[in-house]
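Structure at a glance
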Amino acid sequence: MPSVYLDHGATTPVRPEVVEIVNEYMTTIFGNPSSTHTFGRTAKKAMDEARKRIADVIGANAEEIFFTSSGTESDNIAIIGAAYQHKEKGKHIITSSVEHDAVLDAYKFLETEGFNLTILPVDEYGMVSLSDVEEAIKKDTILISVMHANNEVGTIQPVEEIGRIARKNGIIFHIDAVQSFGKLPIDAKMIGADLLSVSGHKIYGPKGTGFLYVRNGIELRPLFFGGEQEQKLRPGTENMSGIVGMGLAAELAVMEMDKEKLRLSKLREKLITGLLEVVPDISINGHPENRVAVNANISFSYVKGKELLHALDLQGIAASSGSACSAALDTPSHVLIAMGLSKELAQGSIRMTLGRENDEEDIDYILSVLPPIVENLRSKPQSYEQKEEKEECPCLH
Ligand SMILES: *Cc1c(COP(=O)(O)O)cnc(C)c1O
């Protein structure tokens, strides 16, 4: 049976070139970058090179790149760090309803700390409106966080324009670029971000790596204390081998971006048109044009996404329902709900995210396997009408 991985939005396999360099920096060149002997200095040099590589591909300066353990940590340091640092100026913060939980839950934490939240709605394509951003701004607004590309439906937000609005009003602007890095061109200065988060394992780098771009002059209060690392913003001995690996992965992702974008958008087109031809009562979610090439989010009426994913898994196909949380608990996606889908349709939606290893054959396989599975699930109406179990998703609260 073929094995087809279509969940690159959840994580990606580490590229062989990256595995090789990470291995070298875990074994041969293993020093602590803070040590002053040769082992330490060699490690420090490799880490500085990785920092420079990453800075170069996003048009930043090396000292504006801070290594973290993940996209989640980058988002938290950016949002909570900015809010705490600037709370004397104001306590109003803005984000959107389709953000990743790493952003939304950081905002909800800040609400318990006395900050006032505005969570912007989106249109049917998952897009934030600029007039909503303008209208949400108050005298005491200190932070706006809006993602670049959405992880569930692939819609690209108008971040440059939001950045301009933020700058005009003297408000700090954070972009979660975890799903866009290596898929869309990112120039930190042009995109107008003060803060920008990226994760290593979404770009064929190691898990447990990430970075945060902090524009020169933007001050953040650290969340951790105890060392001099990362200019004291993120103390703790660095994941040096992981950082070196992420540096290479980032560079390669940007180098191959145009070619992969073209290839993957063709595969996506083949997948979508193929499904629309043979499966009745389906709809495609997300913006039709302003989107990343890798993402296909599809709603199947009269089908439970959870059952569909399970049936696909039995055929060797790995897809997802958007976020790990709703995948486990069958809670409808907050993104699809914000876009106006009914609870039933949101629960009948799955996300397929393409990546480097996927090819035409994979798509042919899905197109042969998926239609009969859907037909079969639809012919068992009792499974669809089964009473909802009262399970609460912790991420939504
Ligand atoms: C995956 C993801 C994150 C979290 O990154 P981790 O490195 O897995 O913590 C944050 N934001 C978005 C949009 C993501 O897709």
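Residues numbered from 1 in each chain as written. Predicted model: local features only at pLDDT ≥ 70, side-chain atom pairs only at ≥ 80, totals over all residues. Heavy atoms only, no water.

Taken in spatial order, the three strands make up an open sheet running 9-10-12, and their pairing is antiparallel. Only two strands of the sheet have a single partner each, and these edge strands are strand 9 (282-285) and strand 12 (349-353). Each strand axis lies, on average, 25° off the axis of its neighbour in the sheet, ignoring direction. Across four bridges, the pairing between strand 9 and strand 10 (residues 295-300) is antiparallel. Bridge assignment links I282 to a residue of strand 10, and that residue is F300. Sitting on the sheet, helix 10 (residues 305-314) is in contact with strand 10 and strand 12, with an inclination near 40° to strand 12. Each of strand 9, strand 10 and strand 12 touches helix 14 (residues 360-378); the most contacted strand, strand 10, lies at about 25° to it. (Pairing = 2+ DSSP bridges. Helix = DSSP H or I, 4+ residues; strand = E, 2+ residues; numbered from the N terminus. Axes fitted to C-alpha atoms, helices over the stretch in contact; angles between N-to-C directions. Contact = heavy atoms within 4.5 Å.)

This paragraph deals with the packing of helix 9 (residues 257-278) against helix 14. The contact between helix 9 and helix 14 brings their axes to 10 Å, and the two run at 20°. When the axis of helix 9 is compared with that of helix 14, the two are roughly parallel. For helix 9 against helix 14, the interelement crossing comes out right-handed. Here L267, K270, L271, G274, L275 and V278 of helix 9 come into contact with helix 14, specifically with E360, I363, D364, I366, L367, L370 and P371. Considered class by class, the residues forming the contact of helix 9 with helix 14 number nine nonpolar, one polar and three charged. (Parallel < 35°, antiparallel > 145°, perpendicular 65-115°, else oblique. Left-handed = near helix turned anticlockwise from the far one by under 90°. Nonpolar A, V, L, I, M, F, W, Y, C, P; charged D, E, K, R; others polar.)

A few words now on the domain arrangement of the protein chain. On domain assignment, one finds that the protein chain holds domain 1 (4-11 + 257-387) and domain 2 (16-255). Counting residues at the interface gives 29 residues for domain 1 and 31 residues for domain 2. With both sides pooled, the region where domain 1 packs onto domain 2 buries about 2500 Å², and carbon together with sulfur makes up 57% of that total. Inspection of the region where domain 1 meets domain 2 yields zero salt bridges. In this structure, the connection of domain 1 to domain 2 is made through 16 residue pairs in polar contact (both at pLDDT 80 or more). When contributions to the side of domain 1 that touches domain 2 are tallied by element, the ones reaching two or more residues are helix 9, strand 10 and helix 12 (334-338). With four residues, helix 12 is the single largest residue contributor to the side of domain 1 that touches domain 2. For the side of domain 1 that touches domain 2, the class distribution of residues is nine nonpolar, 15 polar and five charged. (Domains from an automatic or database assignment. Buried area = accessible area lost by both parts, 1.4 Å probe. Salt bridge = Lys/Arg side-chain N within 4 Å of Asp/Glu carboxyl O. Polar contact = N/O pair within 3.5 Å; in protein donor to acceptor, adjacent residues only side chain to side chain.)

Before going further, it helps to spend a moment on the sheet that holds strand 5 (residues 141-145). Taking strand neighbours across the sheet as the criterion, the seven strands line up as 2-8-7-6-5-3-4 in an open arrangement whose pairing is mixed. The sheet terminates laterally at strand 2 (65-68) and strand 4 (116-120), the two strands that pair on one side only. Between one strand and the next, the sheet's axes are offset by a mean angle of 20°, whatever the strand orientation. Across four bridges, the pairing between strand 3 (residues 92-96) and strand 5 is parallel. Within the sheet, the bridge partner assigned to H92 lies in strand 5 and is T141. Docked against the sheet, helix 3 (residues 71-85) engages strand 2, strand 5, strand 6 (172-176), strand 7 (195-199) and strand 8 (210-214), running at close to 160° with respect to strand 7.

With that settled, consider the site of the ligand. Neighbouring residues of the ligand: 13 residues in total, closest T72, D176, Q179, S199 and K202. For the ligand, an oxygen atom lies 2.8 Å from a polar atom in the backbone of G71. One of the side-chain nitrogen or oxygen atoms of D176 is found 2.6 Å away from a nitrogen atom of the ligand. By residue number, the principal contributor to the shell around the ligand is helix 3, which donates three residues. (Near = heavy atom within 4 Å.)

What follows concerns the environment of R167. Within the element layout of this structure, R167 appears in helix 6 (residues 159-168). R167 sits 26 residues away from A193 along the chain, and the two C-alpha atoms are 9.2 Å apart.

Mapped onto the fold, R378 is located in helix 14. A sequence separation of 354 residues divides R378 from E24, and the C-alpha atoms of the two residues are 52 Å apart.

Let's shift gears to empty space enclosed by the protein. All chains considered together, the criterion is met by four cavities of 30 Å³ or more. The volume enclosed by the largest cavity comes to roughly 270 Å³. What lines the largest cavity is a set of 21 residues, and nearest its centre among them are G182, K183, Y204, E260 and L264. Taken together, domain 1 (4-11 + 257-387) and domain 2 (16-255) each give at least three residues to the lining of the largest cavity, which thus spans both. (1 Å grid on protein atoms, 1.4 Å probe; cavity = no way out; pocket = protein on both sides within 12 Å on 5 of 7 lines; lining within 4 Å. Points joined across faces, edges and corners; volume = space filled by probe spheres on them.)

Counting buried positions along strand 6 gives five out of five residues, so the element sits mostly inside the fold. In strand 6, alternate side chains face the same way, and those of I172, H174 and D176 on one face and F173 and I175 on the other are all buried. Examined bridge by bridge, strand 5 and strand 6 share three bridges and lie parallel to one another. Paired with S145 across the strands is H174, a residue of strand 6. Crossover strand 5 to strand 6 through helix 6 is right-handed. With three bridges joining them, strand 6 and strand 7 adopt parallel strand pairing. (Buried < 20%, exposed > 50% of the residue type's maximum accessible area, 1.4 Å probe, protein only. Right-handed = clockwise from strand over helix to strand, strands pointing away.)

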